[in-house]
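If you want the building blocks of each chain, they are given just below.
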2 protein chains.
Amino acid sequence: MKQNKGILVILSGPSGAGKSTVISGLTAKRGDIRFSVSATTREPRPGEKDGREYFFKTREEFFAMIGQDAFLEHAEYVGNCYGTPAAPVEENLAAGYNVLLDIEVQGAAQVMAHRPDAVSIFLCPPSLEELENRLHKRGTDPEERIQARIAAAREEYSQLHNYAYIVVNDDADTAVRELDAIITAELCRGERRLKNIFEGENLL
Amino acid sequence: MKQNKGILVILSGPSGAGKSTVISGLTAKRGDIRFSVSATTREPRPGEKDGREYFFKTREEFFAMIGQDAFLEHAEYVGNCYGTPAAPVEENLAAGYNVLLDIEVQGAAQVMAHRPDAVSIFLCPPSLEELENRLHKRGTDPEERIQARIAAAREEYSQLHNYAYIVVNDDADTAVRELDAIITAELCRGERRLKNIFEGENLL
């Protein structure tokens with residue numbers, strides 16, 4: 001069968017919902033997915049590596065990239081800038097990979113507006129109480145930053161209705177299985193398959 | 001988490017696409033799915049059992065059920081009548097099971113019109129040539145019936161665009177995995193999850 005063109009997958013969700021963990025699980029499970037590494041001005045956390053979790057940029061570098069129109073989307077979030085470099089995304093999609101974007105709701109809305117074929121998924125913690133517990137447990141943020149994150153999560157939840165899918169990360173393995181299923185299912189979408197047929201796949 | 005209400009899944013596809021095989025595989029894999037047993041006036045094939053593959057009815061019995069408004073949909077197909085008894089479907093959905101309907105395109109269109117929340121999947125053989133090979137190999141139909149089935153398949157393909165998903169049954173295990181993924185993904189659909197939240201699920 002002809003190679004399906006890749007799917008652009010948007011994953012949003014509050015900090016502490018477990019996005020990094022499920023993304024690792026998902027990319028380990030599927031060989032057809034590429035994680036889009038974002039650029040950010042926030043400080044690296046212990047163990048994070050430039051070019052792996054993020055491209056860590058100074059504000060000057062970040063604004064220079066905006067000037068070069070080098071982002072698919074960019075936004076400021078809890079005092080830091082985040083952006084998605086466009087070139088690697090387009091290259092991977094053209095090569096037939098599914099590309100996963102980990103972006104917050106403002107950036108996600110920008111991508112959805114430009115790419116209505118993108119598949120949007122919101123990853124929730126089981127509750128905001130559980131989110132607060134996880135942020136305390138992670139221990140990387142002072143209390144006032146944790147409270148800012150909880151407030152930001154409440155804000156983000158007001159955009160839930162814009163997402164095609166909602167995955168509740170109660171158990172990480174289950175969440176990974178659901179994300180995996182969503183991508184498999186989206187590759188079976190009638191409009192995508194029919195497009196492939198009209199582009200030469202011989203089913204009929 | 002609150003039990004999701006079941007999803008109504010429509011599976012169509014030409015005779016010989018392998019629907020029975022993938023349905024067996026899917027129901028073995030998922031405990032949350034119930035197969036809706038259709039009523040038909042066609043003769044049982046060797047190994048088929050009344051009440052398992054179909055409820056085998058005479059034409060008189062079938063038309064009496066139509067008179068009692070006992071079908072979700074019914075249609076005539078290659079000389080035989082097929083219908084979906086409504087009562088067991090509604091009971092299983094209310095109990096939280098996903099209900100799988102194996103119905104041809106006319107019946108599927110009737111169900112889609114009445115139940116826009118139904119998830120529709122078309123199961124294709126890899127090609128019509130392969131379909132013909134499979135029908136010969138099955139050896140249950142005389143040549144003219146096989147040609148009628150191929151002609152019917154061509155007709156059915158004209159309705160492909162009405163289906164949300166298209167699964168190509170090249171390899172049965174892959175097809176079962178894709179059907180399984182579609183159901184898992186549909187249970188994560190934003191509109192279903194938000195409905196659950198508004199009905200009392202406590203995420204926020």
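Every chain is numbered on its own, with residues counted from 1 as its sequence reads. All chains are assigned letters beginning at A, and all ligands numbers beginning at 1, according to the order in which they are written. Reporting in this predicted model follows two pLDDT cut-offs: at least 70 for local features of residues, and 80 or more for side-chain atom pairs to be given and counted; totals over whole chains, interfaces and linings ignore these cut-offs and use all residues. Calculated side-chain values reflect all of the structure's heavy atoms, with hydrogen atoms and water omitted.

## Things to note about the sheet that holds strand β2 (residues 33–36) of chain A
Residues and elements named next belong to chain A.
- With parallel pairing, the 5 strands of this open sheet are ordered in space as β2-β7-β1-β8-β9. Of all the strands in the sheet, just β2 and β9 (165–168) have a single pairing partner and so form its edges. Between one strand axis and the next, the sheet turns by 25 degrees as a mean value, whatever way the strands run.
- Those strands touched by helix α4 (residues 105–114) are β1 (8–12), β7 (98–102) and β8 (119–124), and its axis lies near 160 degrees from that of β1. If DSSP finds at least two bridges between two strands, the strands pair. Secondary structure elements follow DSSP: runs of H or I no shorter than four residues count as helices, runs of E no shorter than two count as strands, and numbering proceeds from the N terminus. In this description, a line fitted to the C-alpha atoms serves as the axis of each element, helices being fitted only across the stretch in contact, and the angle between N-to-C directions of two axes falls anywhere from 0 to 180 degrees. A contact between two residues is defined here by any heavy atoms of the two lying within 4.5 Å.

## Quick look at the interface of chain B and chain A
- Taken residue by residue, the interface counts 32 residues in chain B and 32 residues in chain A.
- A buried area of about 2,500 Å², summed over both sides, lies between chain B and chain A, and 67% of it is on carbon and sulfur atoms.
- Side-chain atoms alone can form a polar contact between residues adjacent in sequence; in general such a contact is a pair of N or O atoms within 3.5 Å, and within protein one must be able to donate a hydrogen while the other accepts it. Linking chain B with chain A are 8 residue pairs in polar contact (both at pLDDT 80 or more), by the criterion used here.
- Those elements that place two or more of their residues in the side of chain B that touches chain A are β9 (165–168), α7 (172–187) and α8 (190–198) of chain B.
- Broken down by class, the residue content of the side of chain B that touches chain A amounts to 21 nonpolar, 5 polar and 6 charged. The term buried area denotes the loss of accessible surface (1.4 Å probe radius) that occurs when two parts are joined, taken as the sum for both partners. Note on residue classes: Ala, Val, Leu, Ile, Met, Phe, Trp, Tyr, Cys and Pro are nonpolar, Asp, Glu, Lys and Arg are charged, and everything else, Gly too, is polar.

## Some points on the relation of the copies chain B and chain A
- Copies are brought into register by a least-squares superposition over C-alpha atoms of residues with pLDDT of at least 70 in both. Note on the copies: chain B fits chain A at an RMSD of 0.0 Å, the axial shift is 0.0 Å, and the rotation between them is 180 degrees. Given the turn and translation reported, the copies of this chain are related as if by a two-fold rotation axis. Among all residues of chain B, the one whose C-alpha sits closest to the rotation axis is B:Ala181, at a distance of 2.1 Å.
- Looking at the interface residues of chain B, 100% of them are also at the interface in chain A, so both copies use one shared face.

## Describing the side chain of B:Asn169
Residue and element names in this part refer to chain B.
- Structurally, Asn 169 can be placed in the loop between β9 and α7.
- Each residue's exposure class comes from its accessible area (1.4 Å probe, protein chains only) as a fraction of the maximum for that residue type: buried when under 20%, exposed when over 50%, partly exposed otherwise. Judged by relative accessible area, which is 5%, Asn 169 ranks as buried.
- Reaching out from Asn 169, the side chain makes a polar contact with the backbone oxygen of Ala 17 at a distance of 2.7 Å.

## A short note on the pairing of strand β7 (residues 98–102) of chain B
All names here are of chain B.
- Burial analysis of β7 places 5 of its 5 residues in the buried class, the great majority of the element.
- Neither face of β7 is left uncovered, since the one carrying Asn 98, Leu 100 and Asp 102 and the one carrying Val 99 and Leu 101 both have all their residues buried.
- Two strands pair when backbone bridges link them, and strand β1 (residues 8–12) and β7 are joined in this way by 4 bridges, in the parallel orientation. Across the sheet, the residue bridging to Leu 8 is Val 99, located in β7.
- Pairing geometry for strand β2 (residues 33–36) and β7, over 4 bridges, is parallel. Its bridge partner lying in β7, Ser 36 is registered against Leu 101.

## With respect to the packing of aromatic side chains
- Any pair of Phe, Tyr and Trp rings, taking the six-membered ring for Trp, is counted once the centres come within 6.5 Å. Such a pair is stacked with planes under 30 degrees apart, edge-to-face with planes over 60 apart, and tilted for the rest. Following the criterion strictly, the structure yields 12 aromatic pairs over all chains and no others.
- Between the aromatic rings of A:Phe62 and A:Phe63, the centroid separation amounts to 6.2 Å while the plane-to-plane angle is 75 degrees, which identifies the pairing as edge-to-face.
- Of the residues examined, A:Phe62 reaches a relative accessible area of 1% and is grouped as buried.
- Judged by relative accessible area, which is 42%, A:Phe63 ranks as partly exposed.
- Ring geometry for A:Phe122 against A:Tyr157: centres 5.6 Å apart, planes inclined by 70 degrees, an arrangement best described as edge-to-face. Of the two residues, A:Phe122 sits in strand β8 while A:Tyr157 sits in helix α6 (residues 143–157), which places them 35 residues apart along the sequence. The same class applies to A:Phe122 as to A:Tyr157, namely buried.
- Through a chain of ring-to-ring contacts, the aromatic side chains of A:Tyr54, A:Phe56 and A:Tyr82 assemble into a single cluster.
- Placement of a positive charge over a ring is assigned whenever Lys NZ or Arg CZ falls within 6 Å of the ring centre and within 35 degrees of the normal to the ring plane. Positioned above the aromatic ring of B:Tyr97 is the side chain of B:Arg34, whose terminal nitrogen or guanidinium carbon lies 3.9 Å from the ring centre.

## Topic: unusual backbone geometry
Residues and elements named next belong to chain A.
- Positive phi values are uncommon outside glycine, yet Asp 69 reaches one of about 55 degrees.
- Looking at where Asp 69 falls in the secondary structure, it is placed in the loop between α2 (59–67) and β5 (71–77).
- Looking at Asp 69, the relative accessible area reads 66%, which means it is exposed.

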